Amino acid sequence: MTPPGSPEPDASLSLLERLVDDAMDPGYQEFAERGEQPRADWRHSVVFAVAIGVAAALATAAVLQVRAGAPSAGETRAELTDRVVSATGVVEELDVRLDDLAGEVEQLRESALDGSAADRALAADAAALERAVGVAPMTGPGVFVTMADGPPAPAGDDGPDLARVLDTDIQLVVNGLFAAGADGVSVNGQRITALSPIRSAGDAILVGFRPLTPPYVITGVGEATLADDFESGPARSELSQLEASYGISVGVAEQEEATVPGRGELVLRYAKKGEGS
Amino acid sequence: MIALLALVLGVVLGLVLQPTIPAALQPYLPIAVVAALDAVFGASRALLDGIFNDRVFVISFIGNVLVAALVVFLGDQLGVGAQLSTGVVVVFSIRIFANAAAIRRHLFRG
(Lines give C-alpha, C1' and ligand atoms only; values in the text may rest on other atoms or scores of the structure.)
Protein backbone atom coordinates (compact mmCIF):
# COMPACT_ATOMS: atom_id res chain seq x y z
CA MET A 1 0.00 0.00 0.00
CA THR A 2 1.40 3.39 -0.95
CA PRO A 3 0.29 6.31 1.20
CA PRO A 4 -1.61 9.05 -0.58
CA GLY A 5 0.66 11.60 -2.18
CA SER A 6 3.38 9.05 -2.68
CA PRO A 7 5.64 9.85 -5.62
CA GLU A 8 5.40 6.25 -6.78
CA PRO A 9 2.43 5.96 -9.09
CA ASP A 10 0.55 2.77 -9.59
CA ALA A 11 2.30 0.28 -11.81
CA SER A 12 -0.48 0.22 -14.35
CA LEU A 13 -0.65 4.00 -14.34
CA SER A 14 3.08 4.31 -15.04
CA LEU A 15 2.63 1.95 -17.96
CA LEU A 16 0.03 4.25 -19.45
CA GLU A 17 2.11 7.31 -18.72
CA ARG A 18 5.13 5.81 -20.45
CA LEU A 19 2.97 4.94 -23.40
CA VAL A 20 1.87 8.56 -23.74
CA ASP A 21 5.28 10.09 -22.99
CA ASP A 22 7.10 7.88 -25.47
CA ALA A 23 4.44 8.27 -28.11
CA MET A 24 7.01 9.61 -30.51
CA ASP A 25 9.70 7.10 -31.38
CA PRO A 26 12.42 7.71 -28.75
CA GLY A 27 14.98 7.38 -31.54
CA TYR A 28 14.28 10.91 -32.73
CA GLN A 29 15.06 12.36 -29.33
CA GLU A 30 18.16 10.24 -28.99
CA PHE A 31 19.61 11.33 -32.30
CA ALA A 32 18.84 14.95 -31.54
CA GLU A 33 20.54 14.70 -28.15
CA ARG A 34 23.60 13.08 -29.70
CA GLY A 35 23.86 16.23 -31.67
CA GLU A 36 23.64 14.49 -35.01
CA GLN A 37 22.62 17.09 -37.55
CA PRO A 38 19.46 16.40 -39.44
CA ARG A 39 20.19 16.04 -43.11
CA ALA A 40 19.11 18.32 -45.88
CA ASP A 41 15.46 19.24 -45.63
CA TRP A 42 14.25 18.11 -49.07
CA ARG A 43 15.32 14.51 -48.45
CA HIS A 44 13.34 14.42 -45.25
CA SER A 45 10.31 15.61 -47.08
CA VAL A 46 10.71 13.02 -49.84
CA VAL A 47 11.16 10.11 -47.42
CA PHE A 48 8.27 11.34 -45.39
CA ALA A 49 6.07 11.75 -48.47
CA VAL A 50 6.91 8.27 -49.73
CA ALA A 51 6.06 6.78 -46.35
CA ILE A 52 2.77 8.64 -46.22
CA GLY A 53 2.01 7.46 -49.73
CA VAL A 54 2.74 3.86 -48.78
CA ALA A 55 0.63 4.16 -45.63
CA ALA A 56 -2.24 5.68 -47.60
CA ALA A 57 -2.04 2.94 -50.24
CA LEU A 58 -2.00 0.31 -47.50
CA ALA A 59 -5.00 1.88 -45.78
CA THR A 60 -6.87 2.12 -49.07
CA ALA A 61 -6.13 -1.52 -49.82
CA ALA A 62 -7.39 -2.49 -46.38
CA VAL A 63 -10.58 -0.49 -46.83
CA LEU A 64 -11.16 -2.02 -50.26
CA GLN A 65 -10.61 -5.46 -48.81
CA VAL A 66 -13.15 -4.89 -46.05
CA ARG A 67 -15.72 -3.49 -48.46
CA ALA A 68 -15.19 -6.37 -50.85
CA GLY A 69 -15.86 -8.72 -47.95
CA ALA A 70 -19.02 -6.91 -46.84
CA PRO A 71 -21.38 -8.01 -49.64
CA SER A 72 -20.41 -11.60 -49.00
CA ALA A 73 -22.41 -11.45 -45.76
CA GLY A 74 -25.43 -10.37 -47.79
CA GLU A 75 -24.76 -13.16 -50.25
CA THR A 76 -24.64 -15.70 -47.46
CA ARG A 77 -27.95 -14.41 -46.20
CA ALA A 78 -29.53 -14.56 -49.63
CA GLU A 79 -28.25 -18.07 -50.15
CA LEU A 80 -29.65 -19.19 -46.81
CA THR A 81 -33.00 -17.62 -47.66
CA ASP A 82 -32.96 -19.44 -50.99
CA ARG A 83 -32.24 -22.70 -49.25
CA VAL A 84 -35.08 -22.18 -46.77
CA VAL A 85 -37.49 -21.34 -49.59
CA SER A 86 -36.49 -24.34 -51.66
CA ALA A 87 -36.65 -26.63 -48.63
CA THR A 88 -40.13 -25.31 -47.84
CA GLY A 89 -41.11 -26.07 -51.44
CA VAL A 90 -39.84 -29.61 -51.08
CA VAL A 91 -41.85 -30.04 -47.88
CA GLU A 92 -44.99 -28.84 -49.65
CA GLU A 93 -44.40 -31.23 -52.54
CA LEU A 94 -43.91 -34.09 -50.11
CA ASP A 95 -47.09 -33.12 -48.28
CA VAL A 96 -49.04 -33.35 -51.53
CA ARG A 97 -47.46 -36.70 -52.31
CA LEU A 98 -48.31 -37.90 -48.79
CA ASP A 99 -51.96 -37.00 -49.30
CA ASP A 100 -51.97 -38.79 -52.66
CA LEU A 101 -50.46 -41.91 -51.19
CA ALA A 102 -52.83 -41.85 -48.21
CA GLY A 103 -55.76 -41.72 -50.63
CA GLU A 104 -54.29 -44.60 -52.56
CA VAL A 105 -53.85 -46.66 -49.40
CA GLU A 106 -57.46 -45.97 -48.48
CA GLN A 107 -58.71 -47.07 -51.88
CA LEU A 108 -56.63 -50.23 -51.75
CA ARG A 109 -57.98 -51.03 -48.33
CA GLU A 110 -61.54 -50.44 -49.39
CA SER A 111 -61.16 -52.76 -52.35
CA ALA A 112 -59.43 -55.35 -50.18
CA LEU A 113 -62.09 -55.24 -47.44
CA ASP A 114 -65.11 -55.43 -49.67
CA GLY A 115 -65.92 -59.11 -49.38
CA SER A 116 -67.61 -60.61 -46.36
CA ALA A 117 -69.60 -58.95 -43.60
CA ALA A 118 -66.65 -59.44 -41.25
CA ASP A 119 -64.43 -57.54 -43.70
CA ARG A 120 -66.88 -54.69 -43.88
CA ALA A 121 -67.12 -54.52 -40.07
CA LEU A 122 -63.32 -54.37 -39.98
CA ALA A 123 -63.34 -51.50 -42.49
CA ALA A 124 -65.89 -49.60 -40.40
CA ASP A 125 -63.78 -50.13 -37.31
CA ALA A 126 -60.71 -48.89 -39.11
CA ALA A 127 -62.56 -45.81 -40.36
CA ALA A 128 -63.82 -45.01 -36.85
CA LEU A 129 -60.32 -45.44 -35.45
CA GLU A 130 -58.86 -43.23 -38.16
CA ARG A 131 -61.23 -40.45 -37.23
CA ALA A 132 -60.40 -40.90 -33.58
CA VAL A 133 -56.63 -40.80 -34.03
CA GLY A 134 -56.90 -37.93 -36.46
CA VAL A 135 -55.77 -39.55 -39.68
CA ALA A 136 -59.05 -39.05 -41.52
CA PRO A 137 -60.69 -35.64 -41.95
CA MET A 138 -63.93 -35.05 -40.04
CA THR A 139 -66.98 -32.96 -40.74
CA GLY A 140 -69.79 -32.20 -38.38
CA PRO A 141 -71.31 -29.63 -36.06
CA GLY A 142 -68.57 -27.69 -34.40
CA VAL A 143 -67.19 -24.54 -32.91
CA PHE A 144 -64.59 -22.00 -33.98
CA VAL A 145 -62.49 -20.36 -31.30
CA THR A 146 -60.51 -17.39 -32.58
CA MET A 147 -57.74 -15.87 -30.49
CA ALA A 148 -55.52 -12.91 -31.28
CA ASP A 149 -52.85 -10.93 -29.46
CA GLY A 150 -54.10 -7.93 -27.58
CA PRO A 151 -52.79 -4.40 -28.15
CA PRO A 152 -48.99 -4.28 -27.73
CA ALA A 153 -47.51 -2.85 -24.57
CA PRO A 154 -46.77 0.89 -24.78
CA ALA A 155 -43.29 1.75 -26.02
CA GLY A 156 -40.72 1.87 -23.26
CA ASP A 157 -42.40 -0.80 -21.21
CA ASP A 158 -39.70 -3.39 -20.72
CA GLY A 159 -41.87 -5.92 -18.96
CA PRO A 160 -43.08 -9.09 -20.63
CA ASP A 161 -45.78 -8.58 -23.22
CA LEU A 162 -48.76 -9.95 -21.35
CA ALA A 163 -51.19 -9.41 -24.20
CA ARG A 164 -49.61 -12.15 -26.29
CA VAL A 165 -51.35 -15.45 -26.86
CA LEU A 166 -49.18 -18.15 -25.35
CA ASP A 167 -48.84 -21.81 -26.12
CA THR A 168 -50.59 -22.59 -22.85
CA ASP A 169 -53.59 -20.53 -24.00
CA ILE A 170 -53.86 -22.64 -27.14
CA GLN A 171 -53.49 -25.77 -25.01
CA LEU A 172 -56.26 -24.50 -22.76
CA VAL A 173 -58.69 -24.18 -25.66
CA VAL A 174 -57.71 -27.50 -27.22
CA ASN A 175 -58.10 -29.33 -23.93
CA GLY A 176 -61.34 -27.48 -23.25
CA LEU A 177 -62.74 -28.61 -26.60
CA PHE A 178 -61.76 -32.22 -25.99
CA ALA A 179 -63.25 -32.00 -22.49
CA ALA A 180 -66.48 -30.70 -24.02
CA GLY A 181 -66.63 -33.82 -26.15
CA ALA A 182 -64.97 -32.81 -29.40
CA ASP A 183 -63.97 -35.70 -31.63
CA GLY A 184 -61.52 -33.75 -33.70
CA VAL A 185 -59.65 -30.51 -33.11
CA SER A 186 -57.42 -28.52 -35.41
CA VAL A 187 -55.36 -25.40 -34.85
CA ASN A 188 -54.92 -23.15 -37.87
CA GLY A 189 -55.70 -26.08 -40.14
CA GLN A 190 -53.44 -28.56 -38.37
CA ARG A 191 -55.12 -31.57 -36.87
CA ILE A 192 -54.34 -32.23 -33.25
CA THR A 193 -53.56 -35.86 -32.56
CA ALA A 194 -52.18 -37.62 -29.55
CA LEU A 195 -48.73 -36.91 -31.01
CA SER A 196 -49.10 -33.17 -31.68
CA PRO A 197 -47.10 -31.04 -29.30
CA ILE A 198 -48.26 -27.47 -28.71
CA ARG A 199 -45.32 -25.49 -27.48
CA SER A 200 -43.53 -22.22 -27.94
CA ALA A 201 -40.12 -21.67 -29.43
CA GLY A 202 -38.97 -18.11 -28.96
CA ASP A 203 -41.81 -15.85 -30.02
CA ALA A 204 -43.53 -18.45 -32.18
CA ILE A 205 -46.04 -21.08 -31.17
CA LEU A 206 -45.41 -24.46 -32.75
CA VAL A 207 -48.06 -27.08 -33.33
CA GLY A 208 -46.70 -30.37 -34.59
CA PHE A 209 -43.35 -28.57 -35.04
CA ARG A 210 -44.78 -26.05 -37.47
CA PRO A 211 -44.98 -22.39 -36.49
CA LEU A 212 -48.40 -20.74 -36.33
CA THR A 213 -49.18 -17.26 -37.54
CA PRO A 214 -51.81 -15.23 -35.67
CA PRO A 215 -54.74 -15.05 -35.47
CA TYR A 216 -55.17 -18.51 -34.05
CA VAL A 217 -58.29 -20.36 -35.15
CA ILE A 218 -59.04 -23.51 -33.22
CA THR A 219 -61.71 -25.68 -34.72
CA GLY A 220 -63.56 -28.38 -32.82
CA VAL A 221 -65.85 -30.94 -34.41
CA GLY A 222 -68.15 -33.16 -32.40
CA GLU A 223 -71.76 -33.53 -31.36
CA ALA A 224 -74.33 -30.79 -31.81
CA THR A 225 -74.00 -29.93 -28.12
CA LEU A 226 -70.25 -29.25 -28.42
CA ALA A 227 -70.56 -25.46 -28.59
CA ASP A 228 -72.87 -25.27 -25.58
CA ASP A 229 -70.73 -27.66 -23.56
CA PHE A 230 -67.64 -25.65 -24.36
CA GLU A 231 -69.34 -22.37 -23.50
CA SER A 232 -70.34 -23.67 -20.09
CA GLY A 233 -67.03 -25.41 -19.41
CA PRO A 234 -64.18 -24.23 -17.21
CA ALA A 235 -61.96 -23.41 -20.21
CA ARG A 236 -64.40 -20.76 -21.39
CA SER A 237 -64.40 -18.93 -18.07
CA GLU A 238 -60.62 -18.97 -18.03
CA LEU A 239 -60.63 -17.53 -21.55
CA SER A 240 -62.93 -14.74 -20.41
CA GLN A 241 -60.47 -14.01 -17.67
CA LEU A 242 -57.61 -13.79 -20.19
CA GLU A 243 -59.76 -11.46 -22.23
CA ALA A 244 -60.58 -9.23 -19.28
CA SER A 245 -57.14 -9.12 -17.65
CA TYR A 246 -54.74 -9.05 -20.60
CA GLY A 247 -56.76 -7.78 -23.53
CA ILE A 248 -56.37 -10.94 -25.60
CA SER A 249 -59.24 -11.05 -28.04
CA VAL A 250 -61.26 -14.26 -27.95
CA GLY A 251 -64.17 -15.17 -30.18
CA VAL A 252 -66.28 -18.33 -29.92
CA ALA A 253 -68.61 -19.10 -32.80
CA GLU A 254 -70.88 -22.09 -33.22
CA GLN A 255 -70.82 -23.72 -36.64
CA GLU A 256 -73.43 -26.02 -38.05
CA GLU A 257 -70.87 -27.70 -40.17
CA ALA A 258 -67.18 -27.54 -39.49
CA THR A 259 -64.34 -29.57 -40.95
CA VAL A 260 -61.04 -30.61 -39.45
CA PRO A 261 -58.42 -31.99 -41.83
CA GLY A 262 -56.78 -35.36 -41.41
CA ARG A 263 -53.17 -35.60 -40.52
CA GLY A 264 -52.55 -37.86 -43.44
CA GLU A 265 -49.77 -39.90 -41.97
CA LEU A 266 -49.91 -43.03 -39.96
CA VAL A 267 -46.79 -44.66 -38.65
CA LEU A 268 -47.06 -48.34 -38.03
CA ARG A 269 -45.41 -48.93 -34.71
CA TYR A 270 -46.58 -52.41 -33.81
CA ALA A 271 -48.32 -53.85 -36.85
CA LYS A 272 -46.25 -56.27 -38.89
CA LYS A 273 -46.74 -57.54 -42.37
CA GLY A 274 -48.94 -60.62 -42.26
CA GLU A 275 -47.84 -63.99 -43.57
CA GLY A 276 -49.55 -66.00 -46.29
CA SER A 277 -52.65 -65.04 -48.27
CA MET B 1 2.31 20.22 -48.94
CA ILE B 2 4.33 17.37 -50.40
CA ALA B 3 3.00 15.13 -47.65
CA LEU B 4 -0.56 16.00 -48.60
CA LEU B 5 0.17 15.30 -52.27
CA ALA B 6 1.69 11.96 -51.30
CA LEU B 7 -1.38 11.14 -49.26
CA VAL B 8 -3.68 11.78 -52.20
CA LEU B 9 -1.34 9.95 -54.55
CA GLY B 10 -1.26 6.95 -52.21
CA VAL B 11 -5.05 6.77 -52.04
CA VAL B 12 -5.32 7.11 -55.81
CA LEU B 13 -2.70 4.44 -56.36
CA GLY B 14 -4.52 2.12 -53.97
CA LEU B 15 -7.78 2.73 -55.80
CA VAL B 16 -6.32 2.38 -59.29
CA LEU B 17 -4.04 -0.58 -58.74
CA GLN B 18 -6.42 -2.35 -56.34
CA PRO B 19 -3.58 -4.38 -54.88
CA THR B 20 -4.72 -7.83 -53.87
CA ILE B 21 -3.25 -8.87 -50.60
CA PRO B 22 -2.54 -12.60 -50.35
CA ALA B 23 -5.16 -14.33 -48.24
CA ALA B 24 -2.54 -15.46 -45.72
CA LEU B 25 -1.56 -11.85 -45.03
CA GLN B 26 -5.04 -10.40 -44.89
CA PRO B 27 -5.52 -10.63 -41.11
CA TYR B 28 -2.37 -8.56 -40.61
CA LEU B 29 -3.27 -5.76 -43.00
CA PRO B 30 -5.36 -3.66 -40.57
CA ILE B 31 -2.68 -4.03 -37.90
CA ALA B 32 0.00 -3.03 -40.39
CA VAL B 33 -2.03 0.02 -41.36
CA VAL B 34 -2.41 1.11 -37.74
CA ALA B 35 1.30 0.56 -37.11
CA ALA B 36 2.20 2.58 -40.21
CA LEU B 37 -0.14 5.35 -39.13
CA ASP B 38 1.57 5.44 -35.76
CA ALA B 39 4.99 5.77 -37.41
CA VAL B 40 3.69 8.55 -39.67
CA PHE B 41 2.18 10.47 -36.76
CA GLY B 42 5.39 10.09 -34.77
CA ALA B 43 7.39 11.37 -37.73
CA SER B 44 5.04 14.34 -38.20
CA ARG B 45 5.58 15.30 -34.62
CA ALA B 46 9.36 14.95 -34.95
CA LEU B 47 9.24 17.04 -38.10
CA LEU B 48 7.46 19.82 -36.20
CA ASP B 49 9.87 19.45 -33.29
CA GLY B 50 12.69 19.89 -35.74
CA ILE B 51 14.34 16.60 -34.85
CA PHE B 52 13.11 14.50 -37.75
CA ASN B 53 15.60 11.92 -38.87
CA ASP B 54 14.91 9.88 -41.94
CA ARG B 55 16.87 6.85 -40.73
CA VAL B 56 14.90 6.68 -37.50
CA PHE B 57 11.73 7.16 -39.42
CA VAL B 58 12.32 4.42 -41.98
CA ILE B 59 13.38 2.00 -39.27
CA SER B 60 10.41 2.84 -37.05
CA PHE B 61 8.01 2.59 -40.00
CA ILE B 62 9.19 -0.82 -41.18
CA GLY B 63 9.88 -2.02 -37.66
CA ASN B 64 6.43 -1.07 -36.40
CA VAL B 65 4.68 -2.80 -39.27
CA LEU B 66 6.76 -5.96 -39.06
CA VAL B 67 6.67 -6.28 -35.27
CA ALA B 68 2.92 -5.63 -35.13
CA ALA B 69 2.31 -8.27 -37.81
CA LEU B 70 4.68 -10.67 -36.07
CA VAL B 71 2.97 -10.24 -32.70
CA VAL B 72 -0.43 -10.88 -34.21
CA PHE B 73 0.92 -13.83 -36.18
CA LEU B 74 2.36 -15.33 -33.01
CA GLY B 75 -0.94 -14.68 -31.25
CA ASP B 76 -2.78 -16.48 -34.04
CA GLN B 77 -0.50 -19.47 -33.66
CA LEU B 78 -1.09 -19.46 -29.90
CA GLY B 79 -4.84 -19.05 -30.27
CA VAL B 80 -5.03 -15.56 -28.79
CA GLY B 81 -4.74 -13.64 -32.06
CA ALA B 82 -7.89 -11.61 -31.47
CA GLN B 83 -6.81 -10.50 -28.00
CA LEU B 84 -3.31 -9.61 -29.15
CA SER B 85 -4.70 -7.66 -32.12
CA THR B 86 -6.82 -5.71 -29.67
CA GLY B 87 -3.77 -5.06 -27.51
CA VAL B 88 -1.70 -3.87 -30.46
CA VAL B 89 -4.49 -1.63 -31.70
CA VAL B 90 -4.99 -0.13 -28.22
CA VAL B 91 -1.30 0.65 -27.77
CA PHE B 92 -0.93 2.19 -31.20
CA SER B 93 -4.16 4.13 -30.83
CA ILE B 94 -2.97 5.67 -27.57
CA ARG B 95 0.31 6.64 -29.21
CA ILE B 96 -1.47 8.08 -32.22
CA PHE B 97 -3.71 10.18 -29.96
CA ALA B 98 -0.76 11.39 -27.91
CA ASN B 99 1.17 12.33 -31.03
CA ALA B 100 -1.85 13.98 -32.57
CA ALA B 101 -2.27 16.05 -29.42
CA ALA B 102 1.41 17.12 -29.57
CA ILE B 103 1.07 18.02 -33.25
CA ARG B 104 -2.03 20.03 -32.50
CA ARG B 105 -0.22 21.98 -29.81
CA HIS B 106 2.56 22.73 -32.27
CA LEU B 107 0.25 23.89 -35.02
CA PHE B 108 -1.87 26.13 -32.83
CA ARG B 109 1.08 27.62 -31.00
CA GLY B 110 2.79 28.51 -34.26
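Here is a short report on the structure shown in this document. Each chain has its residues counted from 1, following the order in which its sequence is written. Ligands are numbered from 1 and chains lettered from A, in the order in which they are written. Only residues with pLDDT of at least 70 are given local features in this predicted model, and only at 80 or more are side-chain atom pairs given and counted; all residues enter the totals for whole chains, interfaces and linings.

1. Some thoughts on the overall build of chain B
Here is the rule we go by: By the criteria applied, helices consist of DSSP H or I runs no shorter than four residues and strands consist of E runs no shorter than two, each listed in order from the N terminus. In this scheme every C-beta is placed from the backbone, and a residue whose C-beta has 20 or more other C-beta atoms within 10 Å is buried, one with 12 or fewer is exposed, and one in between is partly exposed. Throughout, a residue-residue contact means that the two C-beta atoms, derived from backbone geometry, are no farther apart than 7 Å.
Counting its regular elements, chain B contains four helices and zero strands. Shown N-terminal to C-terminal, the secondary structure of chain B runs as helices and strands in the order α-α-α-α. Relative to its 110 residues, chain B shows a buried fraction of 35%. Considering only contacts in chain B between residues 6 or more positions apart, those separated by 24 or more positions represent 67%.

2. Focus: the sheet that holds strand β5 (residues 204-207) of chain A
Residue and element names in this part refer to chain A. Spelled out, the test is: Two strands pair under a simple rule: DSSP has to find at least two bridges between them. For helices, the axis comes from a line fit to the C-alpha atoms of the stretch in contact; other axes are also lines fit to C-alpha atoms, and the angle between any two N-to-C directions lies between 0 and 180 degrees.
Strand order in the open sheet formed by three strands is β4-β5-β6, with antiparallel pairing between adjacent strands. Every other strand in the sheet has two partners, leaving β4 (198-201) and β6 (210-211) as the edge strands with one partner each. In this sheet, β6 lies alongside β5 in antiparallel orientation, the contact comprising two bridges. Residue pairing for β6: Leu-206 is matched across the bridge by Pro-211. Against the sheet, helix α5 (residues 167-179) contacts β4 and β5, and its axis sits at roughly 170° relative to β4.

3. A look at the pairing of strand β7 (residues 216-221) of chain A
Residues in a regular strand point their side chains to alternate faces of the sheet. Residues and elements named next belong to chain A. Counting buried residues in β7 gives five out of six residues, a clear majority hidden from the surface. Looking at chain direction, strand β1 (residues 138-148) and β7 are connected through six bridges and run antiparallel. By the bridge assignment for β7, Thr-146 is matched with Val-217. In this sheet, β7 lies alongside strand β2 (residues 184-187) in antiparallel orientation, the contact comprising four bridges. The partner of Val-185 across the bridge, within β7, is Gly-220.

4. Quick word on the interface of chain A and chain B
Interface size, as often reported, equals the accessible area lost upon joining of the parts. Definition in use: Here the term charged refers only to Asp, Glu, Lys and Arg, the term nonpolar to Ala, Val, Leu, Ile, Met, Phe, Trp, Tyr, Cys and Pro, and the term polar to all other amino acids, Gly among them.
Of the residues lining the interface, 33 residues belong to chain A; the matching set on chain B comes to 41 residues. In terms of residue count, helix α3 (residues 41-112) of chain A provides more of the side of chain A that touches chain B than any other element does, 21 residues in total. Residues belonging to the side of chain A that touches chain B are distributed by class as follows: 23 nonpolar, seven polar and three charged.

5. Topic: the packing of helix α3 (residues 54-78) of chain B against helix α4 (residues 81-109) of chain B
Residue and element names in this part refer to chain B. Filter applied, for reference: Each angle is binned into one of four classes, with values under 35 degrees roughly parallel, values over 145 roughly antiparallel, values of 65 to 115 roughly perpendicular, and all other values oblique. Here a crossing is called left-handed whenever its near helix is offset anticlockwise from the far helix by less than a right angle, and right-handed whenever the offset is clockwise.
One way to put it is that α3 packs onto α4 with a least axis distance of 7 Å and a crossing angle of 155°. When the interaxial angle is binned, α3 and α4 end up roughly antiparallel. Here the hand of the crossing between α3 and α4 comes out right-handed. For the pair α3 and α4, contact is made by Ala-68, Val-71, Val-72, Gly-75 and Asp-76 and by Gly-81, Gln-83, Leu-84, Ser-85 and Val-88, respectively. Looking at the contact of α3 with α4 residue by residue, the class counts come to five nonpolar, four polar and one charged.

6. Re the sheet that holds β7(A)
Residue and element names in this part refer to chain A. Within the open sheet, the five strands sit side by side as β3-β2-β7-β1-β8. Their pairing is antiparallel. The two strands at the open ends of the sheet, each matched to only one other strand, are β3 (190-191) and β8 (249-260). Bridging between β2 and β3 involves two bridges; their strand directions are antiparallel. Residue pairing in the sheet places Val-187 in a bridge with Gln-190 of β3.

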